[in-house]
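One-letter residues, chain by chain:
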Amino acid sequence: MSLTLELPDAAATERLAARIAACLEPGFVLHLSGDLGAGKTTFTRALLRALGYAGRVKSPTFTLLESYELSRFQLYHFDFYRLSSDRGWLDAGFDDYLDGRSVAVIEWPERAGATLPAPDLHLRLAFDPGRGEQARVVELRAPTPRGRACLTTLGVAGGGC
Ligand SMILES: Nc1ncnc2c1ncn2[C@@H]1O[C@H](COP(=O)(O)OP(=O)(O)OP(=O)(O)O)[C@@H](O)[C@H]1O
Ligand SMILES: [Mg+2]
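Just so you know, these numbers come straight off a predicted model, no measurement behind them.

**Q** Tell me what's going on with the coordination of the magnesium ion (ligand 2), and back it up with residues and numbers.
**A** Only Thr41 (OG1) and Glu107 (OE) from the protein coordinate the magnesium ion (ligand 2), and they sit 2.1 to 2.2 Å from it. Here Thr41, found in helix α2 (residues 40-50), pairs with Glu107, found in strand β5 (residues 103-107); they are 66 residues apart in sequence, far enough to count as distant. The residues Thr41 and Glu107 share a single accessibility class, namely buried.

Here's what the structure looks like:
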């Protein structure tokens, strides 16, 4: 199951993040793909805001992981861009964080190759140069039942971000 939405500006990406935040529950895994600057961290920042986190949200570009204690669950925000190999995330012990009780948001999941389990929801953000500097297109794919349930709520609402 998949859905494609146009995001004319960063505010639209932030509204989408707020709607997806409502789908999250312990164990939910979200993958965020897209070129440098496509908006993955912007999306995650808005997701955290919608979940009630008021503090600073730093990009995990160098640390690879930032951790947030939220009221309903722990959220781990990964950025695998700088992983040195497919197995690097396993060598770092990050598989311990995919514990079924926490939410994981993973930027650059492709850097972990096939060793990374399938997510519930996979967003692929792309620039849309024909529509201006701020425009993005996002393709959402849902490999699991709870991911599909989330996409259904987004689709039913007409994708109006
Ligand atoms: N439609 C849009 N959606 C998201 N971000 C947008 C949009 N239009 C403009 N922007 C801007 O683009 C930038 C996206 O940067 P961001 O750090 O979120 O990208 P990223 O995908 O996480 O990159 P990286 O791969 O380097 O981690 C931000 O400055 C944001 O304000
Ligand atoms: Mg980022």
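Having seen the model, we can carry on.
**Q** Run through the nonpolar core, naming residues and quoting values.
**A** Ile20, Leu47 and Leu123 are the most contacted members of the largest nonpolar core, which has 35 residues in total. Contributions of two or more residues to this core are made by β1 (2-7), α1 (10-21), β2 (29-33), α2, β5, β6 (121-127), β7 (136-141) and α4 (145-156). Considering every element that reaches this core, the biggest residue donor is α1, with five residues. Apart from residues lying up to four places away in sequence, Leu47 is in contact with Ala17, Ile20, Ala21, Leu24, Leu30, Leu75 and Val105. One finds Val29, Leu64, Trp89 and Trp108 within the second-largest nonpolar core, a separate group that totals 14 residues.

What counts, and where the lines are drawn
Residues numbered from 1 in each chain as written. Chains lettered and ligands numbered in written order. Predicted model: local features only at pLDDT ≥ 70, side-chain atom pairs only at ≥ 80, totals over all residues. Heavy atoms only, no water. Donors = N, O, S within 2.8 Å, 3.2 Å for Na, K, Ca; no water. Helix = DSSP H or I, 4+ residues; strand = E, 2+ residues; numbered from the N terminus. Buried < 20%, exposed > 50% of the residue type's maximum accessible area, 1.4 Å probe, protein only. Core = buried A, V, L, I, M, F, W, Y, C linked by side-chain atoms within 4.5 Å. Contact = heavy atoms within 4.5 Å.

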